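As a plain string of letters, each chain reads:
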Amino acid sequence: MPPLASGPEGSDALRPLLATVLDALDAGARSRGGPLPAGGPHTVAAHVREALGDPLPEHGDPDALHTLVRTLAAGAADPAHPLCAAHLHCPPLAVATAADLAVSALNPSLDSWDQAPAASELETLLTQALAAEIYGHPNPAPPTGPTPAPKGPTPTLNDLTAPTTRRRPATVPTPPADALVTTGGTEANHLALLLARETHGPALRLVCGANAHHSLPRAAWLLGLPEPVILPTPTGVLDPATLHHTLTTRPGPHLVAATAGTTDAGLIDPLPALAALCHTHGARLHIDAAYGGGLLFSDRRRSLLTGLEAAHTVTLDLHKLGWQPVAAGLLAVRDPHDLTALHHHADYLNADDDTEAGLPDLLGRSLRTTRRPDALKIAVTLKTLGRSGLGALVDRVCDHARQLADLITAHPGLELHAPPTLSTVLFRPAHATDNAVADIRRRLLIHGHAVLGRARLDGRLWLKTTLLNPHTRPADLTALLRLVEGNTPA
């Protein structure tokens, strides 16, 4: 019988297999030799087909683990390579990846407490901590019971006939904010719209900028909401005056979705002004901070997220500026009562008598049933690095972006779109056509030299670098620009 990953003999069974995996990763990386495999889709597909052969053979192959892991590594776009800088695709930290191994071995499932006793408590503590990072800690409950009558002048007749004590005003403590673990920004945005619909009704209309992530209007379609209002963003961010006009002239209710870290240029909408408008017009506010939310850990850059705390819901994605293996998303909720909309009952998972007896009910923590405890790798990372350690990584990649922008500005043959806000830099060869820009990017991909993204802004196509590797060196940035220069048509 093949061995299991956990149990009394699990560790002994895993050790030689882990050595095999690590050897195969090394062999694949040596074979690849760069940020991604050379030859393009057809070449990669041929190598995979040759390595896999029959996916379900009659008899097993004891070398399959080494063969397929080596093939995967040889054909990977390696986010740890400094010239792999196209997308919000981070190189995961070793400590987070090691923690994820424990999850794979133990295989807890967060759909009922008896499948994940420790993991469910760990997730609760982590989500509360991250929600407090956005919204702050709640106001404590006021003291209860009578208070002595205040000292003062001699009591009047009316005072003497009144009770000698007075009750404190009935104030309700602020409930603690909460957060749900998701598979990423797309699921978190979908949940944000779902909670808003359940609070404000099916006539709720999404209002967002053209700079918003594509998952927002898609979620409105999936949820059967009215056609979204997509506002133009010619400067790359949502304009408060345009939003004010829309909220004034369009009937509500409205859900305004702002962005803290756009996918094309890493820009942040003017959050305080947008939050003030939503308050004035009675609109609900969601902020998609899937990219920019990592600034919360940086003392130098946290102020760029001022206004985040005003949102009813906030999307975070720590497999971007958090260096987690996929997946590691969250949706933070200012009012935890909004989460009652997710309550779901299945007697075999959260029977009423079990819940009344004190077993936690986990079904209302997600739209999924079976789900991994992705909270473990996040918790291990936060505990290992601390705020200062994680903040230093955020500052480092943002500083790299500033350095790259300076190199581009100093280069006579290159044009910078704008100084970077986060770790994204847009540039293009000066005087190149859009077709030439697209061809440069594809040529670098096909030859396996570099992975650059693309973004269309101001009516032109730009090369996009998203710097998420804190180990990148100045020489790597220079090498990247030389590659672009060397592939620019004369």
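Our structure is the block above this text.
Residues numbered from 1 in each chain as written. Predicted model: local features only at pLDDT ≥ 70, side-chain atom pairs only at ≥ 80, totals over all residues. Heavy atoms only, no water.

Trainee: Residues and numbers for the overall build of the protein chain, please.
Mentor: For the protein chain, the helix and strand inventory stands at 15 helices and 13 strands. Projecting the C-alpha coordinates of the protein chain onto the three principal axes gives extents of approximately 95 × 65 × 45 Å. When burial is assessed residue by residue, the protein chain has 47% of its 490 residues classed as buried. Looking at the protein chain as shown, the accessible area adds up to about 24,700 Å², and 58% of this sits on carbon and sulfur atoms. Within the protein chain, the 46 negative side-chain charges are centred at a point lying 8 Å from the centre of the 38 positive side-chain charges. (Helix = DSSP H or I, 4+ residues; strand = E, 2+ residues; numbered from the N terminus. Buried < 20%, exposed > 50% of the residue type's maximum accessible area, 1.4 Å probe, protein only. Areas by Shrake-Rupley, 256 points an atom, 1.4 Å probe, with all protein chains shown as cover. Lys, Arg positive; Asp, Glu negative; His and termini not counted. Charge placed at Lys NZ, Arg CZ, Asp CG, Glu CD.)

Trainee: Provide a residue-level description of the sheet that holds strand β13 (residues 460-466), including the pertinent values.
Mentor: Pairing in this open sheet of 4 strands is antiparallel, and the strands run β10-β11-β13-β12 from one edge to the other. Taken across any chain shown, the strands that pair with only one partner, and hence form the sheet edges, are β10 (414-416) and β12 (453-457). Taken pair by pair, the neighbouring strands of this sheet meet at an average axis angle of 40°, ignoring direction. Where β12 and β13 come together, 5 bridges link them in antiparallel fashion. From the neighbouring strand, Ala-455 faces β13, where its bridge partner is Trp-462. The strands touched by helix α13 (residues 375-410) are β10, β11 (424-429) and β13; relative to β11, the strand with the most contacts, the crossing angle is about 15°. Where helix α14 (residues 434-446) meets the sheet, its contacts fall on β11, β12 and β13, and the angle it forms with β13 comes to roughly 30°. (Pairing = 2+ DSSP bridges. Axes fitted to C-alpha atoms, helices over the stretch in contact; angles between N-to-C directions. Contact = heavy atoms within 4.5 Å.)

Trainee: Give me the lowdown on the sheet that holds strand β4 (residues 205-209), citing residues and values where you can.
Mentor: In space, the 7 strands of this open sheet follow the order β3-β9-β8-β7-β6-β4-β5, with mixed pairing throughout. With partners counted over all chains shown, the strands left at the sheet margins are β3 (178-182) and β5 (229-231), one partner each. Averaged over neighbouring strand pairs, the angle between their axes works out to 20° when direction is ignored. Sheet topology places β4 next to β5; 3 bridges connect them, and they run parallel. Counted as the bridge partner of Cys-208 is Ile-230 from β5. Against the sheet, helix α7 (residues 185-200) makes contact with β3, β4, β6 (254-259), β7 (284-289), β8 (313-317) and β9 (329-333), and its axis sits at roughly 175° relative to β7, the strand it touches most. Sheet strands touched by helix α9 (residues 240-249): β4, β5 and β6. Its angle to β5, the strand with the most contacts, is close to 155°.

Trainee: Explain the packing of aromatic side chains to me, and be specific about the residues and the numbers.
Mentor: Throughout the structure, instances matching the rule amount to 0 aromatic pairs. For the cation-ring pair, Arg-428 lies above Trp-462, with the distance from its terminal atom to the ring centre recorded as 5.7 Å. (Phe/Tyr/Trp six-rings, centres within 6.5 Å; stacked < 30°, edge-to-face > 60°. Lys NZ or Arg CZ within 6 Å of the ring centre and 35° of its normal.)

Trainee: An account of the packing of α7 against helix α8 (residues 215-222) is needed here, citing residue identities and associated values.
Mentor: Two measures define how a pair of helices packs: the angle their axes make with one another and the distance between the axes. Interaxial distance between α7 and α8 falls to 9 Å at its minimum, and their mutual angle equals 50°. When the axes of α7 and α8 are compared, the pair comes out oblique. Relative to α8, the crossing made by α7 is right-handed. Together, Gly-185, Thr-186, Asn-189, His-190 and Leu-193 of α7 and Ser-215, Leu-216, Ala-219, Ala-220 and Leu-222 of α8 make up the contact between the two elements. A class-by-class count of the residues in the contact of α7 with α8 yields 5 nonpolar, 5 polar and no charged. (Parallel < 35°, antiparallel > 145°, perpendicular 65-115°, else oblique. Left-handed = near helix turned anticlockwise from the far one by under 90°. Nonpolar A, V, L, I, M, F, W, Y, C, P; charged D, E, K, R; others polar.)

Trainee: Describe helix α10 (residues 271-281), naming the residues involved and giving the relevant values.
Mentor: All buried positions along α10 are accounted for by Leu-271, Leu-274, Ala-275, Leu-277 and Cys-278. One side of α10 holds all its buried residues, which, seen down the axis, span an arc of 160°. Opposite the buried face of α10, by more than 90 degrees, sit the exposed residues His-279 and Thr-280. Buried residues along α10 sit in contact with α9, β6 and β7. (Arc of directions from axis to C-beta.)

Trainee: Residue-level account of the side chain of Ser-215, with values.
Mentor: Within the fold, Ser-215 resides in helix α8. A polar side-chain atom of Ser-215 sits 3.0 Å from a polar atom in the side chain of Asn-189. The contacts of Ser-215, once residues within four sequence positions are left out, are Gly-185, Thr-186 and Asn-189. (Polar contact = N/O pair within 3.5 Å; in protein donor to acceptor, adjacent residues only side chain to side chain.)

Trainee: So what's going on with the packing of helix α4 (residues 94-106) against α13? Residues and values would help.
Mentor: In the contact formed by α4 and α13, the axes pass within 8 Å of each other and the chain directions differ by 145°. Relative to α13, the crossing made by α4 is right-handed. Of the residues in α13, those touching α4 at Val-95, Ala-96, Ala-99, Asp-100, Ala-102 and Val-103 are Leu-376, Lys-377, Val-380, Thr-381, Thr-384 and Leu-385. Across the contact of α4 with α13, the residue classes break down as 8 nonpolar, 2 polar and 2 charged.

Trainee: If you had to explain helix α1 (residues 10-32) to someone new, which residues and values would you point to?
Mentor: The first and last C-alpha atoms of α1 sit 32 Å apart over 23 residues, in line with the 33 Å expected at 1.5 Å per residue. Taken together, the buried positions of α1 are Gly-10, Ala-13, Leu-14, Ala-24, Ala-27, Gly-28 and Arg-32. Those residues of α1 hidden inside the fold are in contact with α3 (64-74) and α4. Trailing α1 by a residue or two, Gly-33 shows a phi angle of about 75°, which is positive. (Expected span 1.5 Å × (residues − 1).)

Trainee: Could you give an account of the nonpolar core, naming the residues involved and the relevant values?
Mentor: Among the nonpolar cores identified, the biggest contains 56 residues, and Ile-287, Val-314 and Trp-323 are the most heavily contacted of them. When residues in this core are grouped by element, the largest group, 8 residues, is from α13. Sequence-distant contacts of Ile-287, defined by excluding residues within four places in its chain, comprise Ala-258, Ala-260, Leu-271, Gly-307, Leu-308, Ala-311, Thr-313, Val-314 and Thr-315. Ala-401, Phe-427, Val-437 and Leu-461 belong to the second largest nonpolar core, which has 25 residues in total. (Core = buried A, V, L, I, M, F, W, Y, C linked by side-chain atoms within 4.5 Å.)

Trainee: Explain the state of the cysteines to me, using residue names and the numbers behind them.
Mentor: Here, disulfide denotes a covalent bond that connects the sulfur atoms of two cysteines. As enumerated under the stated definition, the model contains 0 disulfides in all. Here Cys-278 is not disulfide-linked; the sulfur of Cys-208 is the nearest cysteine sulfur, at 12 Å. (Disulfide = S-S within 2.5 Å.)

Trainee: Account for the pairing of β11, with residues named and values stated.
Mentor: Taken across its 6 residues, β11 has 6 buried, putting it largely inside the fold. Burial along β11 is two-sided: Thr-424, Leu-426 and Arg-428 facing one way and Val-425, Phe-427 and Pro-429 facing the other are all buried. The pairing of β10 with β11 spans 3 bridges and is classified as antiparallel. Looking across to β11, one finds that Leu-414 is bridged to Pro-429. Judged from the 4 bridges that link them, β11 and β13 form a sheet pairing that is antiparallel. Across the sheet, Leu-426 pairs through a bridge with Lys-464, a residue of β13.

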